[in-house]
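This is what each chain is made of:
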Amino acid sequence: VQAIAEDSRGRIWLGTDGGVSIWNGATFFNLTADTGLPGADIRSLLADGDAMWIGSAGGGLYRFERNQLQVLNSDNVSLPSDTVTALALAEDGSLLVGTDAGLAELRDGNAAPIPAAGEDAIAHILALPGSLWVGTASDGLFYDTGDGWQHATAATGLPADAVTALAAADGGLWVGGRTGGLIRTDIPQGE
């Protein structure tokens, strides 16, 4: 299991390297390559109202709603890559899409890259009111607290340049690293 999400109906979605399994409390329903899933290696899931966003390795981004699957990829919406590694909803309702080639914002059916967040593989995205945090696989943490993009690395206090986890709790930001453990810091407020 590489991703887990709960949808608006209380079903649990599990993304695996062989597709998606949906647990309704009694049985599993599976979406696989055999049932029409274009790419079955699922890396990220995000519930959005009645829809579920599904990020795959190599197949792009899928939107599943009302038993319909919409495929979005580098060809039809200009994603930076068809390997989608992280997803988050921004404060303004746009979808933030992390790929193995950087971050993009999906709005009105088009993806726009966010070059200020680097071009490294995105490991995690944390969208909070007034701030956005983007952890990468090897280039540290990019963040915008309202006053422009900043960059933090192991040289500036992160546990590692490979960010493996991000969480907000009690007014602080927790950042886990592949090595070096984790840190907790206050969330800076933009000006």
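Look a little higher up for the structure.
Residues numbered from 1 in each chain as written. Predicted model: local features only at pLDDT ≥ 70, side-chain atom pairs only at ≥ 80, totals over all residues. Heavy atoms only, no water.

Enquirer: Can you help me understand the overall build of the protein in this one?
Expert: Secondary structure assignment for the protein yields 0 helices and 19 strands. Computed over its C-alpha atoms, the radius of gyration of the protein comes to 17 Å, within 12% of the 16 Å expected for a compact globule of 191 residues. When its C-alpha atoms are laid out on the principal axes, the protein stretches across 45 × 35 × 30 Å. Within the span of the protein, comprising 191 residues, buried residues form 46% of the whole. (Helix = DSSP H or I, 4+ residues; strand = E, 2+ residues; numbered from the N terminus. Rg over C-alpha atoms; globule rule 2.2 N^0.38 Å. Buried < 20%, exposed > 50% of the residue type's maximum accessible area, 1.4 Å probe, protein only.)

Enquirer: Can you help me understand the sheet that holds strand β19 (residues 182–186) in this one?
Expert: The strands making up a sheet associate through backbone hydrogen bonding, with each pair oriented either parallel or antiparallel. Pairing within the open sheet is antiparallel, and its 3 strands lie in the order β17-β18-β19. Looking at the sheet topology across the chains shown, the edges are occupied by β17 (163–169) and β19. Looking at each pair of strands side by side, their axes are set apart by 20° on average, direction ignored. Of the strand pairs in this sheet, strand β18 (residues 172–177) and β19 are connected by 5 bridges, and their pairing is antiparallel. Opposite Gly-176, over in β19, you have Leu-182 as the bridge partner. (Pairing = 2+ DSSP bridges. Axes fitted to C-alpha atoms, helices over the stretch in contact; angles between N-to-C directions.)

Enquirer: Explanation requested: the pattern of salt bridges in the structure shown.
Expert: A side chain of one charge can pair with a side chain of the opposite charge when the charged atoms of the two come close. A complete count under the given rule lists 7 salt bridges for this structure. For Asp-7, the salt bridge goes to Arg-11, with nearest N and O atoms at 2.6 Å. For Asp-7, a relative accessible area of 9% translates into the label buried. What makes Arg-11 partly exposed here is its relative accessible area of 21%. For Asp-186, the salt bridge identified is with Arg-184, shortest N-O distance 3.3 Å. (Salt bridge = Lys/Arg side-chain N within 4 Å of Asp/Glu carboxyl O.)

Enquirer: Sorry if this is basic, but what is going on with the packing of aromatic side chains here?
Expert: Between two aromatic rings, the relevant description is the distance of the centres plus the angle of the planes. According to the stated counting rule, one finds 3 aromatic pairs in the structure shown. Seen in terms of ring centroids, Trp-13 and Phe-64 are 5.6 Å apart; in terms of plane orientation they differ by 65°. Their pairing is edge-to-face. One end of the pair, Trp-13, is in strand β2 (residues 12–16); the other, Phe-64, is in strand β7 (residues 61–65), and 51 residues separate them in sequence. Looking at Trp-13, the relative accessible area reads 1%, which means it is buried. (Phe/Tyr/Trp six-rings, centres within 6.5 Å; stacked < 30°, edge-to-face > 60°.)

Enquirer: Sorry if this is basic, but what is going on with the pairing of strand β11 (residues 102–107) here?
Expert: Looking along a regular strand, one sees the side chains alternate between the two faces of the sheet. As defined by bridge partners, strand β10 (residues 95–99) adjoins β11 across 5 bridges and the pair is classed as antiparallel. By the bridge assignment, Gly-98 is partnered in β11 with Leu-103. Two strands pair when backbone bridges link them, and β11 and strand β12 (residues 110–113) are joined in this way by 4 bridges, in the antiparallel orientation. Pairing of Ala-104 across the sheet is with Pro-113, part of β12.

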